Amino acid sequence: QVQLVESGGGLVQPGGSLRLSCAASGSIFSIYGMAWYRQAPGKQRELVAGITSGGTPNYADSVKGRFTISRDNAKNTVYLQMNSLKPEDTAVYYCNRKPPTWWEWGQGTQVTVSS
């Protein structure tokens, strides 16, 4: 069973930046498409950005041009660089496989955008 550990969240002012990391255990990480998701209070979890096993990214319209997803297969890690953050980006951020199949969810990392 793959374990996912997210990190890098925090409190940041509007317009600021954060870089999230997600470390995955196991040697099969590189063959899967990965994604970042987020869940704000009272809302459903939504897909924010995905990346194929070959490194091709895709983004939700709400973050396009501000967020960048990347991966380092040698380190079993996927990253999310978040720039020009907005209060509406406040959420718990999770990484996992791209839909429709997921591993067990990690604990996530809290991102709060507030002045």
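This is a predicted model, so every value here is computed, not measured.

Visitor: So what's going on with the environment of isoleucine 28? Which residues, and what values?
Guide: By the secondary structure assignment, isoleucine 28 is in the loop between β3 (18-24) and β4 (34-39). Linking isoleucine 28 and asparagine 73, residues 45 residues apart in sequence, is a C-alpha distance of 9.5 Å. Residues within four places of isoleucine 28 in sequence aside, it is in contact with Val2 and Trp103.

Visitor: Quick one: what's the story with unusual backbone geometry, residue by residue and with numbers?
Guide: Cis geometry is adopted by the peptide bond preceding proline 100, which originates at proline 99 and carries an omega value of 10 degrees. For proline 100, the position within the fold is in the loop between β9 (91-97) and β10 (109-113). Unusually for a residue other than glycine, asparagine 76 sits at a positive phi of about 50 degrees. Along the polypeptide, asparagine 76 turns up in the loop between β7 (67-72) and β8 (77-82). Relative accessible area serves as the criterion here: at 15%, asparagine 76 is assigned to the buried category.

Visitor: Now, about the pattern of salt bridges: what can you tell me, with residues and values included?
Guide: Enumeration according to the criterion identifies 4 salt bridges in this entry. Across the salt bridge formed by lysine 64 and aspartate 61, the nearest N and O atoms sit 3.1 Å from each other. Given the relative accessible area of 51%, lysine 64 is considered exposed. Residues joined in a network through salt bridges with shared partners are Arg38, Glu46, Arg66 and Asp89.

Visitor: An account of the pairing of β9 is needed here, citing residue identities and associated values.
Guide: With 7 of 7 residues buried, β9 lies mostly within the body of the structure. Pairing of β4 with β9, which is carried by 6 bridges, proceeds in the antiparallel orientation. Note that in β9 the partner of tryptophan 36 across the bridge is cysteine 95. Pairing analysis gives 3 bridges linking β9 to β10, with the strands arranged antiparallel. If you follow valine 92 over to β10, its bridge partner there is glutamine 110.

Visitor: Please provide a residue-by-residue account of the sheet that holds strand β1 (residues 4-7), values included.
Guide: Pairing in this open sheet of 4 strands is antiparallel, and the strands run β1-β3-β8-β7 from one edge to the other. Each of the sheet's edge strands pairs with one partner strand only, and the pair in question is β1 and β7. Strand after strand, the sheet turns through a mean of 15 degrees between neighbouring axes, direction not considered. Note that β3 and β8 share 6 bridges and pair antiparallel. Across the sheet, residue arginine 19 finds its bridge partner in β8, namely glutamine 81.

Visitor: Any details on the sheet that holds β4? Residues and values, ideally.
Guide: Paired through backbone hydrogen bonds, the strands of a sheet run either parallel or antiparallel to each other. With mixed pairing, 6 strands are arranged side by side in an open sheet as β2-β10-β9-β4-β5-β6. Edge positions in the sheet fall to β2 (10-12) and β6 (57-59), since each of these pairs with one other strand and no more. Taken pair by pair, the neighbouring strands of this sheet meet at an average axis angle of 25 degrees, ignoring direction. Relative to β6, strand β5 (residues 46-51) is paired through 3 bridges, and the arrangement is antiparallel. Paired with alanine 49 across the strands is tyrosine 59, a residue of β6.

Rules used in this analysis
Position numbers for residues start from 1 in each chain and track the written sequence from start to end. Thresholds applied to this predicted model are a pLDDT of at least 70 for local features of residues and 80 or more for the giving and counting of side-chain atom pairs; totals over whole chains, interfaces and linings are not thresholded and use all residues. Excluding hydrogens and water, the side-chain figures rest on all heavy atoms present in the structure. Runs of H or I in DSSP of at least four residues are treated as helices and runs of E of at least two as strands, each being numbered from the N terminus. Residue contacts are defined here by distance: any two heavy atoms, one from each residue, within 4.5 Å place the two residues in contact. For every residue, the accessible area (1.4 Å probe, protein chains only) is compared with the maximum for its type, and the residue is labelled buried under 20%, exposed over 50%, or partly exposed between those bounds. Salt bridge, as used here: a side-chain nitrogen of Lys or Arg that lies within 4 Å of a carboxyl oxygen of Asp or Glu. Strands are labelled as partners when DSSP assigns at least two bridges between them. Structural elements are reduced to axes, namely lines fitted to C-alpha atoms, with helices fitted over the stretch in contact, and the angle between N-to-C directions of any two is expressed from 0 to 180 degrees.

So far we have only geometry, and geometry alone does not tell us how the molecule works.
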